[in-house]
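So the chains spell out like this:
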Amino acid sequence: MKSYKKITNICCIGAGYVGGPTMAVIASNCPDIMVNVVDVNPNRIADWNSLNLDNLPIYEPGLQEIVAKVRGKNLFFSTDIEKGIREAQIIFISVNTPTKTYGKGKGMAADLKYIELCARKIAEIATEEKIIVEKSTIPVRTAQTIKTILENTGNNIKFHILSNPEFLAEGTAIEDLQNADRMLIGGDNTTKEGQDAIECLSSIYERWLPKERIIKTNVWSSELSKLTANAFLAQRVSSINAISALCEKTGADVDEVSRAIGADNRIGSKFIKASVGFGGSCFQKDILNLVYISKTLGLEEVADYWEQVLLINDYQKRRFAENIVSNLFNTVSGKKIAFLGWAFKKNTNDTRETAAMYVADYLLEETAIIHVYDPKVKSNQIFADLEYLSSRTNEENHKLLKVETDPYQACKESHAVAILTEWDEFKTYDWQRIYENMKKPAFIFDGRNVVDSKKLTDIGFKLYQIGK
Ligand SMILES: NC(=O)c1ccc[n+]([C@@H]2O[C@H](COP(=O)([O-])OP(=O)(O)OC[C@H]3O[C@@H](n4cnc5c(N)ncnc54)[C@H](O)[C@@H]3O)[C@@H](O)[C@H]2O)c1
């Protein structure tokens, strides 16, 4: 890269959960670099440009403060993708890579159409040498596809392709970006040009991350490491969830088991908290992708191994919903059930693949009446989730489900409360007041093991927690 070390302009295609926060953190750490985040979705860009920071399209602790500091100075959000591409020396591709919903690999493979569209657009517009960074999570060897498109449809200019997967976790994205455990950069480390491109990207992260945290590998290792990291994390959740079912049958307590095994530093204490099941946009799709790649390469046993992580997750969500029905005397028809939480985890408004929507769908099929309260998720998102998942019409969903802005109202007159997200505020509610306003016996199904079991059973609740 000719202009190595003198990077003054970067562009990110895709203003989503990754593109927005990642570029905000780069802009705030590199005031001399112009950062343009571009997207095809004009509504999303308008929300990013919103004067009222509460209207940013993404909720993440600390994000509003950073956007307030750098937006309009060296961080810009725009729909002018061509300008963004033209002016940038480094282009991050941070578009969505969902599971395919059609054709070959339907329901398993990653849909790379948005990645390909980006590559074609860059090839069409670029007239100068550029570094292209894969930020999206993609199947191993996707860089080859991008390279082929860039080299065969472009203006005969040089592109350097790097893989730089994002490991941030929603809910702690800003902290994760600002203080990343590691930053992974995969590139062509066999050539001088490739090494220069790696160093160029590395030099940006070195502005705020210690050099030893930047791991440099070949492109294929980097691409595969991202899928592997998510598969390992999800596998831990499914492992402890499988044990939670065993605990319920044996009198063991899953939180005690977690504490006991987590004290072993070979195992570690993170990601072994039993729950109603993992959600989020990544774990399921990335494991499906890993399973698909393994199958395509003839590695059936490997595919089956990873697929089991997803089967246990589905089992856990279903088990939770079935348990509500069986405890409520085998029928929830016409009964009000309050849902506390809809987001797939606390401190985010993201609801993609949230366990809540699967549990709700199960109960709505049983014609329960659900009232949902979530501190950050908006009503239209909840109905969009249900429409995506179920065969019921939007009108039918509106008849059965109400979204509340007050948790006490959501719980009032209900037969049961189901806790689907581990929002901290749930721990400090006036549970006595909630109990008094509920139908008796008053049930709580705590899908996150967040409430104080002694306190609640003393009040009189019939409490069900995972793995207890
Ligand atoms: N969300 C996470 O926690 C997370 C973490 C690590 C990695 N990832 C990966 O990062 C990638 C992006 O995820 P996300 O959660 O930010 O997705 P997202 O859906 O929130 O955002 C993607 C954005 O890309 C835009 N887009 C799609 N095609 C485009 C095109 N051709 N030109 C311009 N814009 C286009 C969409 O309009 C959308 O706003 C995915 O591959 C995901 O697997 C996500």
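About the cut-offs
Residues numbered from 1 in each chain as written. Predicted model: local features only at pLDDT ≥ 70, side-chain atom pairs only at ≥ 80, totals over all residues. Heavy atoms only, no water. Near = heavy atom within 4 Å. Polar contact = N/O pair within 3.5 Å; in protein donor to acceptor, adjacent residues only side chain to side chain. Areas by Shrake-Rupley, 256 points an atom, 1.4 Å probe, with all protein chains shown as cover. Nonpolar A, V, L, I, M, F, W, Y, C, P; charged D, E, K, R; others polar. Pairing = 2+ DSSP bridges. Helix = DSSP H or I, 4+ residues; strand = E, 2+ residues; numbered from the N terminus. Axes fitted to C-alpha atoms, helices over the stretch in contact; angles between N-to-C directions. Contact = heavy atoms within 4.5 Å. Buried < 20%, exposed > 50% of the residue type's maximum accessible area, 1.4 Å probe, protein only. Patch = residues over 30% accessible without salt bridge, like charges linked within 9 Å, V, L, I, M, F, W, Y side chains within 5 Å. Salt bridge = Lys/Arg side-chain N within 4 Å of Asp/Glu carboxyl O. Arc of directions from axis to C-beta. Core = buried A, V, L, I, M, F, W, Y, C linked by side-chain atoms within 4.5 Å.

## Some thoughts on the site of the ligand
Then, number 1: As a structural note, the neighbourhood of the ligand is formed by 27 residues, with Asp 39, Thr 97, Glu 170, Lys 285 and Arg 352 the closest of them.
Then, number 2: One of the backbone nitrogen or oxygen atoms of Val 18 is found 2.8 Å away from an oxygen atom of the ligand.
Then, number 3: At 3.4 Å from a nitrogen atom of the ligand is found a main-chain nitrogen or oxygen belonging to Val 40.
Then, number 4: Relative to its free-state accessible area of 840 Å², the ligand is covered by the protein chains to the extent of 91%.
Then, number 5: Across the shell around the ligand, the residue classes break down as 11 nonpolar, nine polar and seven charged.

## Considering the sheet that holds strand β10 (residues 369-373)
Then, number 1: Spatial strand order, β11-β10-β9-β12-β13-β14: six strands in an open sheet with parallel pairing. Pairing within the sheet leaves two strands with one partner each, and these edge strands are β11 (401-404) and β14 (462-465). Taken pair by pair, the neighbouring strands of this sheet meet at an average axis angle of 20°, ignoring direction.
Then, number 2: Relative to β14, strand β13 (residues 443-446) runs parallel, the two sharing four bridges. Across the sheet, Asp 446 pairs through a bridge with Gln 465, a residue of β14.
Then, number 3: Sheet strands touched by helix α13 (residues 355-365): β9 (336-340), β10 and β11. Its angle to β9, the strand with the most contacts, is close to 175°.
Then, number 4: Helix-sheet contacts for helix α14 (residues 379-389) involve β10 and β11, and the interaxial angle to β11 is about 155°.

## Structural notes on the side chain of Asn 313
Then, number 1: Positionally, Asn 313 belongs in helix α12 (residues 300-327).
Then, number 2: Judged by its relative accessible area of 1%, Asn 313 falls in the buried class.
Then, number 3: Polar contacts involving the side chain of Asn 313 include one to the main-chain amide nitrogen of Phe 278, which spans 2.8 Å.
Then, number 4: Excluding residues within four positions of it along the chain, Asn 313 makes contact with Ser 238, Gly 277 and Phe 278.

## A look at a nonpolar patch on the surface
Then, number 1: Taken together, the side chains of Leu 297, Leu 299 and Val 302 define a hydrophobic patch exposed on the protein surface, amounting to about 270 Å² of accessible area.
Then, number 2: Within the fold, Val 302 resides in helix α12.

## Digging into α14
Then, number 1: Taken residue by residue, α14 has Ile 382, Phe 383, Asp 385 and Leu 386 as its buried positions. Along the long axis of α14, the arc covered by the buried residues comes to 155°, so they all point the same way. Turned more than 90 degrees away from the buried face of α14 sit Asn 380 and Tyr 388, all of them exposed.
Then, number 2: On its buried side, α14 packs onto α13, β10, α15 (394-400) and β11.

## Let's talk about the nonpolar core
Then, number 1: Residues Phe 339, Trp 342 and Trp 431 are the most contacted members of the largest nonpolar core, which totals 61 residues.
Then, number 2: Take this core: its biggest share by element is seven residues, from α13.
Then, number 3: Core analysis: the second largest hydrophobic core is formed by 45 residues, Val 37, Met 183, Leu 201 and Ile 214 among them.

## Side note on α13
Then, number 1: The buried fraction of α13 amounts to eight of the 11 residues, a majority that puts the element mostly inside the structure.
Then, number 2: Regarding α13, the residues found buried are Ala 355, Ala 356, Met 357, Val 359, Ala 360, Asp 361, Leu 363 and Leu 364.
Then, number 3: Check the buried side of α13 and you find it contacts α12, β9, β10, α14, α15 and β11.
Then, number 4: At the exit of α13 stands Thr 367, carrying a positive phi of roughly 60°.

## Describing the environment of Ile 370
Then, number 1: Locating Ile 370 in the fold gives a position in strand β10.
Then, number 2: A residue is classified by how much of its surface remains accessible, and Ile 370, at 0% relative accessible area, is buried.
Then, number 3: Separated by 36 residues in sequence, Ile 370 and Gly 334 place their C-alpha atoms 9.4 Å apart.
Then, number 4: Those residues in contact with Ile 370 that sit more than four places away from it in its chain are Ile 337, Phe 339, Ala 360, Leu 363, Leu 364, Leu 400, Leu 401 and Lys 402.

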